[in-house]
Amino acid sequence: MRNFSTRRFALVLLIISAALIAAAPFLMPSGYAWLSNSISESGAQGVTGAWATRLGFLTLGLGVVFLATSTEMSWRTGARWLLGSYGFLMLCVAAFSTVSWDASVTGNATESLLHSIAAAAMGFAYGIGIFWVALTDRAASFGWRVFSLAVVASSIALPISAALFTPLGGLLQRIMFALAYIWFIVEARHPKADA
């Protein structure tokens, strides 16, 4: 147990999560369109194949919580709390699913509301947490700081764009998730302990 690394375990969870989220659209019933339907809708209540997205959310949340608590990471306390909150809220998103895009599938409106609240709060924790890391991590390169700030900007611009351009809403959300996976995986692979 002495060789156990929470950071490496988090990296494995993040890679599994990315694979599950990427595979989920292929498990969806007809009527689901990955260009327009959200990732959450691929994990919706009563949807065949929703387990992949829910498990993807679960492994993403756990992976980020493990990163936030890892002593190998150089994130400051505020960033740890914010990104740890993002991970916890992602677990809530996994636990509470949205209603299906298919009107013929009945769903629980309260569960869907809890999903939406957790997702909205998660977005704030994510954007502010990465911004905090970009500003305070003394070991980060200039290029990585710029990329981190671009990820923060995408966390604002892409959801707004997805709401305005609904035919491409699913694609825009997937771009945002891809940037998040890149950011967390690179952070997990290259801890910058500056003690």
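Use the structure listed above.
Being a predicted model, the structure only gives us computed values, none of them experimental. (Residues numbered from 1 in each chain as written. Predicted model: local features only at pLDDT ≥ 70, side-chain atom pairs only at ≥ 80, totals over all residues. Heavy atoms only, no water.)

Caption draft 1: Focus on the nonpolar core. Within the largest apolar cluster, 42 residues are counted, with the highest numbers of intra-cluster contacts made by Trp-75, Tyr-86, Trp-183 and Phe-184. Of all elements in the fold, only helix H1 (6-23), helix H2 (50-69), helix H3 (77-95), helix H4 (109-136), helix H5 (142-164) and helix H6 (169-189) reach the threshold of two or more residues within this core. Of the residues forming this core, the biggest block, 10 residues, is contributed by H6. When sequence neighbours within four positions are dropped, the list of residues in contact with Phe-184 reads Leu-14, Val-64, Leu-67, Trp-75, Leu-83, Tyr-86 and Tyr-126. Counting residues in hydrophobic clusters, the runner-up holds five residues, among them Met-28, Ala-44, Val-47 and Ala-50. (Core = buried A, V, L, I, M, F, W, Y, C linked by side-chain atoms within 4.5 Å. Buried < 20%, exposed > 50% of the residue type's maximum accessible area, 1.4 Å probe, protein only. Helix = DSSP H or I, 4+ residues; strand = E, 2+ residues; numbered from the N terminus. Contact = heavy atoms within 4.5 Å.)

Caption draft 2: Molecular detail of the packing of aromatic side chains. Inspection of every chain in the model, using the stated rule, returns 11 aromatic pairs. Between Trp-144 and Trp-183, the ring centres sit 6.4 Å apart and the planes meet at 15 degrees, which makes this aromatic pair stacked. Of the two residues, Trp-144 sits in helix H5 while Trp-183 sits in helix H6, which places them 39 residues apart along the sequence. Here Trp-144 and Trp-183 have matching classes, each one buried. Ring geometry for Trp-183 against Phe-184: centres 5.1 Å apart, planes inclined by 85 degrees, an arrangement best described as edge-to-face. (Phe/Tyr/Trp six-rings, centres within 6.5 Å; stacked < 30°, edge-to-face > 60°.)

Caption draft 3: Structural view of the layout of surface pockets. Taken as a whole, the largest pocket spans an internal volume of roughly 810 Å³. Contributing to the lining of the largest pocket are 37 residues, with Ala-119, Gly-123, Pro-159, Gln-173 and Met-176 lying nearest its centre. For the lining of the largest pocket, the elements supplying multiple residues, two or more each, are H2, H3, H4, H5 and H6. It is H4 that provides the largest number of residues to the lining of the largest pocket, a total of 11 residues. Partitioning the lining of the largest pocket into residue classes produces 23 nonpolar, 13 polar and one charged. Of the pockets and cavities examined, the second largest pocket occupies roughly 190 Å³. Lining the second largest pocket, in full, are Ala-18, Ile-21, Ala-22, Pro-25, Phe-26, Tyr-32, Ala-33, Trp-34, Arg-174, Phe-177, Ala-178 and Tyr-181. Mapped by element, the contributors of at least two residues to the lining of the second largest pocket are H1 and H6. With four residues, H6 is the single largest residue contributor to the lining of the second largest pocket. (1 Å grid on protein atoms, 1.4 Å probe; cavity = no way out; pocket = protein on both sides within 12 Å on 5 of 7 lines; lining within 4 Å. Points joined across faces, edges and corners; volume = space filled by probe spheres on them. Nonpolar A, V, L, I, M, F, W, Y, C, P; charged D, E, K, R; others polar.)

Caption draft 4: The environment of Ala-139, seen in detail. Along the polypeptide, Ala-139 turns up in the loop between H4 and H5. On the basis of relative accessible area, Ala-139 is assigned to the partly exposed category, the value being 40%. Between the alpha carbons of Ala-139 and Arg-189 there is a distance of 14 Å; along the sequence they are 50 residues apart.

Caption draft 5: Quick peek at H6. For H6, built from 21 residues, the straight-helix expectation of 30 Å at 1.5 Å per residue is met to within 8% by its first-to-last C-alpha distance of 30 Å. When you tally the buried positions in H6, you get 15 out of 21 residues, the bulk of the element. (Expected span 1.5 Å × (residues − 1).)

Caption draft 6: Region of interest: the packing of H1 against H2. As a packed pair, H1 and H2 sit with axes 8 Å apart at the nearest point and diverge in direction by 155 degrees. On the basis of their axis angle, the class for H1 and H2 is roughly antiparallel. Crossing hand, H1 versus H2: left-handed. Residues of the contact of H1 with H2, tallied by class, amount to 16 nonpolar, six polar and one charged. (Axes fitted to C-alpha atoms, helices over the stretch in contact; angles between N-to-C directions. Parallel < 35°, antiparallel > 145°, perpendicular 65-115°, else oblique. Left-handed = near helix turned anticlockwise from the far one by under 90°.)

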